[in-house]
Amino acid sequence: MKKLILTIIMMFCIMLTVSCSNADDNTYSAFSDDVSNIEVDIPSDGIIPKETFDKIAGTNKTLYCNKEDENDISYTWVFNGEDIVNSQEQNLLIDFESDNLEEKKSEADNATAALKLTLHNENLICPCNLIIKLNSKWDEKKVLLLKEQNSRLAKVSDVTIDTDDKTTTLSMTLPISYGEFYLMGGEEESELSAGKSDDNASSDEITDSDGGAAESDNKNETSDSSNESKDYSDSDNKDVQTCSISIDCKSVLNNMDSLNAAKKKYIPKDGVILDIDNFEFEANESVFDILKRACKENGVAMEYSSSITYNTAYVEGIGQLYEFDCGSLSGWEYCVNGYYPNYGCAEYKVEDKDVIKWRYTCNLGEDL
């Protein structure tokens, strides 16, 4: 009898041990690195901390950041870990506006539906997907995501539209960009497109090569206030002058084997990141001032180190392309009217009709 009782007790202990082991296994699997999807709610201040992106950076995990019922609009940001090269804090709040958009509709070939999006964040860390759910039905068959560039609307991406009796879901890809965007809808058979400028020039298209700024541990000072757009609407202002500014990385096209593999997706096919004629500026603005403002106004992010005390600035990255990304001798250089100055861009004062070029070199300028 004693042996039977002892046997029963031993069997019970074994079963209890196995049960606890399974429970531990289940607990581990729920929080292990094998989990591919992470979901978080966007807080009232919109801030998703750097640590959250660190969890997926460089992996095959996907991060979903949700914001529910924002003025009858819900939205979700979708980040793929494989696209994140450098994690940093992101403000994912979006302001929506549907009124007073008749002029923009007209620019977009008389679109029949429109929604303006203003992103709070200034630098998206990587191209990502944005899903917007409206508590209303759009009957439009075609929707585009547009952004104002060079005084006209330019296409950012096509938009997938899905509707039921009461709601509309719009899914799109955002490049590394920021500022104001427009969702424009129309009939599929119409030629809904980015709007034409007043001189009937063909519309531009913004590609995924728009730049993004990664976090830097060596940044001395980055001033957002200095990036604010200036108002040049007063044509009688005699201090207003014009220059041209372009940004290209054409040298990389001949050195793709040396390029950081993670950066290949950001290189435009023609190597041109930005090209603007007749860019207006005021007296005493520097090449650095022009670059910052041109990037901000056209959705091209940049990163730099600067010192107000010594009036110096060093451009580390433009369009997600940084120094040393294409070899140990690679980085950004600038020239004005074909001349490469031997002093900093913050010191070079721009004059009327100057031609400014920011060029990426793979060999200390020998390839430019």
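Because the structure is a prediction, the values reported are computed rather than measured. (Residues numbered from 1 in each chain as written. Predicted model: local features only at pLDDT ≥ 70, side-chain atom pairs only at ≥ 80, totals over all residues. Heavy atoms only, no water.)

## Concerning unusual backbone geometry
Positive phi is not limited to glycine here, since N337 has a value of about 55 degrees. Structurally, N337 can be placed in the loop between strand 18 (331-336) and strand 19 (355-361). Judged by its relative accessible area of 47%, N337 falls in the partly exposed class. Despite not being glycine, K353 has its phi angle at roughly 75 degrees, a positive value. Take K353: it is sitting in the loop between strand 18 and strand 19. (Helix = DSSP H or I, 4+ residues; strand = E, 2+ residues; numbered from the N terminus. Buried < 20%, exposed > 50% of the residue type's maximum accessible area, 1.4 Å probe, protein only.)

## What to know about the packing of aromatic side chains
Taken as a whole, this structure holds eight aromatic pairs when the rule is applied. Ring centres of F288 and Y304 lie 4.9 Å apart, and the angle between their planes is 80 degrees; on these two criteria the pair is classed as edge-to-face. Separated by 16 residues along the polypeptide, F288 in helix 5 (residues 287-297) and Y304 in strand 15 (residues 302-307) bring together distant segments of the chain. Residue class for F288 comes out buried when judged on its relative accessible area of 6%. Relative accessible area serves as the criterion here: at 3%, Y304 is assigned to the buried category. (Phe/Tyr/Trp six-rings, centres within 6.5 Å; stacked < 30°, edge-to-face > 60°.)

## Let's talk about the confidence of the model for the protein chain
Summarising the model, the protein chain shows a mean pLDDT of 78, and 73% of its residues fall at 70 or more. Below a pLDDT of 50 lies the segment residues 16-34, which in the model reaches three contacts outside its immediate sequence neighbourhood of four places, other chains included. (pLDDT = per-residue confidence, 0-100. Contact = heavy atoms within 4.5 Å.)

## Points about the pattern of salt bridges
Counting across every chain of the model gives 10 salt bridges. Note that K116 and E180 form a salt bridge whose closest N and O atoms lie 3.4 Å from each other. Here K116, found in strand 7 (residues 113-119), pairs with E180, found in strand 12 (residues 180-186); they are 64 residues apart in sequence, far enough to count as distant. Here K116 falls in the buried class, since its relative accessible area comes to 15%. A relative accessible area of 36% means that E180 is categorised as partly exposed. Salt bridges here are not isolated pairs; linked through shared partners, they connect E285, R293 and E297. (Salt bridge = Lys/Arg side-chain N within 4 Å of Asp/Glu carboxyl O.)

## Observations regarding the environment of L329
Within the secondary structure, L329 is located in the loop between strand 17 (321-322) and strand 18. If sequence neighbours within four positions are ignored, L329 has contacts with T361, C362, N363 and L364.

## Quick notes on the state of the cysteines
Enumeration according to the criterion identifies zero disulfides in this entry. For C326, which is in no disulfide, the shortest distance to another cysteine sulfur is to C362 and amounts to 3.5 Å. Judged by its relative accessible area of 10%, C362 is buried. (Disulfide = S-S within 2.5 Å.)

## Overview of helix 5
The element helix 5 is extensively covered by neighbouring structure, given that nine of its 11 residues are classed as buried. Those residues of helix 5 lying buried are V287, F288, I290, L291, K292, R293, A294, C295 and K296. Just beyond helix 5, the residue with positive phi is G299, at close to 70 degrees.

## Some details on the pairing of strand 19
Pairing geometry for strand 13 (residues 240-248) and strand 19, over five bridges, is parallel. When the sheet's bridge partners are listed, S246 is paired in strand 19 with K357. Relative to strand 19, strand 18 is paired through six bridges, and the arrangement is antiparallel. Following the sheet pairing, G331 is matched in strand 19 by T361. (Pairing = 2+ DSSP bridges.)

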